[in-house]
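Secondary and tertiary structure notes
Here is what each chain is made of, one letter per residue.
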Amino acid sequence: MKKTILLGALLFPLVALGTYLAFRQPPPAEQGLHSGTFEPPREAPAFSLDGSNGRKLSLRDHLGKVVILEFGYTFCEEVCPVTLAHLTEAYKKLGSAARDVQLIYVTVDPQRDSPERLREHLTAFNPTFLGATGDPGELAAVQKAYGVVAKQVVSRNPALAYAVDHSSSLYLVDRQGRLRGLVPFGTPVDDIVHDLGLLLKMGS
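Fair warning: this is a prediction, and the values are worked out from it, not measured in the lab. (Residues numbered from 1 in each chain as written. Predicted model: local features only at pLDDT ≥ 70, side-chain atom pairs only at ≥ 80, totals over all residues. Heavy atoms only, no water.)

It is worth spelling out the overall build of the protein chain at this point. Scanning the protein chain from N- to C-terminus turns up four helices and 12 strands. In the protein chain, which comprises 204 residues, the proportion classed as buried is 50%. Summarising the internal contacts of the protein chain: among those between residues at least 6 apart in sequence, 66% fall at separations of at least 24. For the protein chain, the exposed area adds up to about 9,900 Å²; of that, 56% sits on carbon and sulfur atoms. (Helix = DSSP H or I, 4+ residues; strand = E, 2+ residues; numbered from the N terminus. Buried < 20%, exposed > 50% of the residue type's maximum accessible area, 1.4 Å probe, protein only. Contact = heavy atoms within 4.5 Å. Areas by Shrake-Rupley, 256 points an atom, 1.4 Å probe, with all protein chains shown as cover.)

Structure below.
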């Protein structure tokens, strides 16, 4: 069954590649992605940001790999660390195949997330994870392209100046640079591993 959803919906981020985008709920059968799928697959919006590796970082640099795009920030105390921990476990379950998977963590908090801070934070989970940051205008353009919502709010932790409420789904990009899957927060690790394994087989 297919659902056609208006792009930019606040509660369900989708990619701004047209007025409408067909989005299919995950099939029950093992042969398909367990996450939602973009139909038809579309080229993932390009970007060039400051990478945690000290170089410019773009999707084009990782053609030939399956890319996981996550939007988050290093001061996040709830959603982001859980997702990063799940992805760390997924990499371990993939074994040697994980060398063809690249996580790119795009910050929604450029005021605090420098490339150096992103590198330190992500390395604690997996040294191959890459962070991306830039000036607020650059990041706002990337968020808009992917339908990501991010807004500063009052933090429940008095030690922090603010928190950021933001979209929490993961975007899966295939080896050809096309958007294939949207993984909701809380998806079981085994489902993520299944989808990454399926995408790794495509075009390999």
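Take empty space enclosed by the protein next. One pass over the structure, following the stated rule, counts one cavity of 30 Å³ or more. Quantified by volume, the largest cavity comes out at close to 60 Å³. (1 Å grid on protein atoms, 1.4 Å probe; cavity = no way out; pocket = protein on both sides within 12 Å on 5 of 7 lines; lining within 4 Å. Points joined across faces, edges and corners; volume = space filled by probe spheres on them.)

A pair can form between side chains of opposite charge whenever their charged atoms are brought close. Considering all chains together, one arrives at eight salt bridges under this definition. As a salt-bridge pair, D174 and R178 come within 2.9 Å of each other at their nearest N and O atoms. For R178, a relative accessible area of 33% translates into the label partly exposed. Linked by salt bridges that have partners in common, D174, R178 and R180 make up one network. (Salt bridge = Lys/Arg side-chain N within 4 Å of Asp/Glu carboxyl O.)

Quick look at the confidence of the model for the protein chain now. Per-residue confidence for the protein chain averages 87 on the pLDDT scale, and 84% of its residues sit at or above 70. Per-residue pLDDT stays below 50 along residues 1–23; that stretch engages in 63 contacts with residues further than four places along the chain or on separate chains. The low-confidence segment residues 26–30, where pLDDT is below 50, has eight contacts with residues more than four positions distant or belonging to other chains. (pLDDT = per-residue confidence, 0-100.)

Residue placement: H166 occurs in strand β10 (residues 163–166). At 3.3 Å, the side chain of H166 forms a polar contact with the backbone oxygen of F71. If near-sequence neighbours (up to four positions away) are discounted, H166 is found in contact with F71, G72, Y73, C76, C80, V108, V149 and A150. (Polar contact = N/O pair within 3.5 Å; in protein donor to acceptor, adjacent residues only side chain to side chain.)

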